[in-house]
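If you want the building blocks of each chain, they are given just below.
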Amino acid sequence: MTAIDSTVPHPARRYNYWLGGKDNFAADRASGDELEAAFPNVRKGALANRAMLRRATRFLAAEAGIRQFLDIGTGLPTADNTHEVAQSVAPESRIVYVDNDPLVMVHARALLTTSPQGRTSYIEADLRDPDAILADRTLRDTLDLSQPVALMLIAVLHFVHGHGAAKPIVQRLLADLPAGSFLVATHATSDFGTPEQAALYQQMVEQGRSDVWTRPRDEVAELFEGLELIDPGVVPASKWRPGPGDPAFADNEVNVWSGVGRKP
């Protein structure tokens, strides 16, 4: 297993910090605080993103009949993880979690226990190497790729830097999944900020002070090319089928696009 470097901030641990978790180090908190000082709504975006994950997973399990989930960029375990939501609807659901942070894998193996009828497995791998993920024996032993799979890419594609760089990864992953599979994606954006905020954020990226590569709505929508978008389409995370009790945030407080698409 890869060694854990507590001196370098990691997105999963920073996200855990914003969600109020305790599985993070000083470097993660410092990175989170710096981003929050420049953009005070980042915690709201994290909460809205997590709520959208819960709603989308419930939709897939309860309405779309999905029983297999490939969750890449898992993050540290918190409340209402993908397998918990899916198996609360369909206990036989099978989930493969993938993350490149060894701390995530340590916690996942200890805490993410499956229902007796279903199965939960874990792979330490990187989204940027989709071939390695798809070829992994654990994935093939857990999921039946002849049957529909929900590909969950929640707040992870924005760590793939470069214009147009995320789409080929999504297409490669979807290529091995059969008709009837789904893509769920959320992605950070600068669309709702002021020009001054956008310029400040771009400067932070160029200086290595942020690892999130934001994308505009058009580029996020292209991730769903060839898929049947589920209503309401590509919308801010807080507006994807909100339910009672979900936080009501303004678009410029969330700054996250989200969508669900079905492979025909």
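Note: the structure precedes this text.
Keep in mind it's a predicted model, so treat the numbers as computed, not measured.

Draft legend 1. Representation of the pattern of salt bridges. This model, assessed by the stated rule, comprises 14 salt bridges. Here Asp28 makes a salt bridge to Arg13, at a shortest N to O gap of 2.8 Å. Taken together, the residues span a long stretch of sequence, with Asp28 in helix 2 (residues 26-38) and Arg13 in helix 1 (residues 11-18) at a distance of 15 residues. No difference in accessibility class separates Asp28 from Arg13, as the two residues are buried. The partner of Glu63 in a salt bridge is Arg241, with the nearest N and O atoms 3.7 Å apart.

Draft legend 2. How the structure looks around helix 9 (residues 195-206). Over its twelve residues, helix 9 runs 17 Å from end to end, which matches the ideal 16 Å to within 8%, given 1.5 Å per residue. For helix 9, the set of buried residues is Tyr201, Met204 and Val205. When helix 9 is viewed along its axis, its buried side chains cluster within an angular range of 100° and face the same direction. Turned more than 90 degrees away from the buried face of helix 9 sit Pro195, Glu196 and Glu206, all of them exposed.

Draft legend 3. Quick peek at the environment of Ala27. Tracing the sequence through the fold places Ala27 in helix 2. In sequence terms Ala27 and Arg14 are 13 residues apart; their C-alpha atoms lie 8.7 Å from each other. Residues within four places of Ala27 in sequence aside, it is in contact with Ser6, Thr7, Val8 and Pro9.

Draft legend 4. The arrangement of the layout of surface pockets in detail. Taken as a whole, the second largest pocket spans an internal volume of roughly 170 Å³. Lining the second largest pocket are Arg54, Arg55, Arg58, Phe59, Glu63, Asp80, Glu84, Val85 and Arg241. Breaking the lining of the second largest pocket down by element, the ones donating at least two residues are helix 3 (42-62) and helix 4 (82-89). Residue contributions to the lining of the second largest pocket peak at four residues, all from helix 3. A per-class count over the lining of the second largest pocket returns two nonpolar, no polar and seven charged.

Draft legend 5. Layout of the packing of aromatic side chains. Tallied over the full model, the rule gives four aromatic pairs. Plain terms: the ring middles of Phe59 and Trp240 are 5.9 Å apart, the flat faces sit at 75° to each other, and that makes the pair edge-to-face. Here Phe59 is found in helix 3, whereas its partner Trp240 is found in the loop between strand 7 (235-236) and helix 11 (251-254), with 181 residues between them in sequence. Grouping residues by exposure puts Phe59 and Trp240 together as buried.

Draft legend 6. Highlighting the packing of helix 3 against helix 4. Between helix 3 and helix 4, the least distance of the axes is 9 Å, while the angle of their chain directions is 35°. Here the hand of the crossing between helix 3 and helix 4 comes out right-handed. Note on element contacts: helix 4 touches helix 3 through Thr82, Val85, Ala86, Ser88 and Val89, opposite Leu53, Arg54, Thr57, Arg58, Ala61 and Ala62. Here the contact of helix 3 with helix 4 is composed, by residue class, of six nonpolar, three polar and two charged.

Draft legend 7. Summary view of helix 4. Listed in full, the buried residues belonging to helix 4 are Thr82, His83, Val85, Ala86 and Gln87. Those residues of helix 4 that are buried lie in contact with helix 3, strand 1 (68-72), strand 2 (94-99) and strand 3 (119-124).

Draft legend 8. Representation of the pairing of strand 5 (residues 182-188) in the model. Summarising burial for strand 5: seven of the seven residues are buried, a large majority. Of the two faces of strand 5, both are covered, the one formed by Phe182, Val184, Thr186 and Ala188 as well as the one formed by Leu183, Ala185 and His187. Sheet topology places strand 4 (residues 150-154) next to strand 5; five bridges connect them, and they run parallel. Within the sheet, the bridge partner assigned to Ile154 lies in strand 5 and is Thr186. Handedness of the strand 4-helix 8 (residues 166-175)-strand 5 crossover: right-handed. Note: strand 5 against strand 8 (residues 256-262), seven bridges, orientation antiparallel. Opposite Leu183, over in strand 8, you have Gly261 as the bridge partner.

Draft legend 9. Local environment of the pairing of strand 1. The buried fraction of strand 1 is high, at five of five residues. Taken together, the three bridges between strand 1 and strand 4 define a ladder with parallel strand orientation. Within strand 4, the position partnered with Phe69 by the bridge is Ala150.

Draft legend 10. Representation of unusual backbone geometry. With an omega of 15°, the peptide bond between Asp231 and Pro232 qualifies as cis. Relative to the elements of secondary structure, Pro232 occurs in the loop between strand 6 (228-229) and strand 7. The phi dihedral of Asn255 falls on the positive side, at around 55°, and the residue is not glycine. By secondary structure assignment, the location of Asn255 is in the loop between helix 11 and strand 8.

Basis of the calculations
- What you see as residue numbers is a count from 1 along each chain, following the sequence as written.
- Under the rules for a predicted model, residues below a pLDDT of 70 receive no local features and side-chain atom pairs below 80 are neither given nor counted, while totals for whole chains, interfaces and linings still include all residues.
- The basis for every side-chain value is the complete set of non-hydrogen atoms in the structure, without hydrogens or water.
- By definition here, a salt bridge exists when the distance from a side-chain nitrogen of Lys or Arg to a carboxyl oxygen of Asp or Glu is within 4 Å.
- Helical segments are the DSSP runs of H or I of at least four residues, strand segments are the runs of E of at least two, and each set is numbered from the N terminus.
- Whether a residue is buried, partly exposed or exposed follows from its accessible area with a 1.4 Å probe, protein chains only, as a fraction of its type maximum: under 20%, in between, or over 50%, in that order.
- Expected helix span is taken as 1.5 Å per residue step, with the number of steps being one fewer than the number of residues.
- Picture the helix axis, draw a direction to every C-beta atom, and the arc is the one those directions span.
- Note on definitions: a residue-residue contact is assigned when non-hydrogen atoms from the two residues lie within 4.5 Å.
- Space inside and on the surface of the protein is sampled on a 1 Å grid over the protein atoms alone, with a cavity defined as a set of points where a 1.4 Å probe fits but cannot get out and a pocket as an open set with protein on both sides within 12 Å along at least 5 of 7 lines; lining residues have an atom within 4 Å of a point.
- Grid points are joined across faces, edges and corners, and a volume is the space filled by probe spheres set on the points.
- All residues other than Ala, Val, Leu, Ile, Met, Phe, Trp, Tyr, Cys, Pro, Asp, Glu, Lys and Arg, Gly among them, are scored as polar; the first ten of these are nonpolar and the last four charged.
- The aromatic pairing rule takes the rings of Phe, Tyr and Trp, using the six-membered ring of Trp, and pairs them if the centres are within 6.5 Å, calling planes under 30 degrees apart stacked, those over 60 edge-to-face and the rest tilted.
- Here, axes are lines fitted to C-alpha atoms. For helices the fit covers the stretch in contact, and angles between N-to-C directions go from 0 to 180 degrees.
- Crossings are classed by handedness, with left-handed meaning an anticlockwise turn of the near helix from the far one by less than a right angle and right-handed meaning a clockwise turn.
- DSSP bridges decide pairing: two strands pair if at least two such bridges lie between them.
- Here the term right-handed applies to a crossover when the path leading from its first strand over the helix to its second strand runs clockwise, the strands being oriented away from the viewer.

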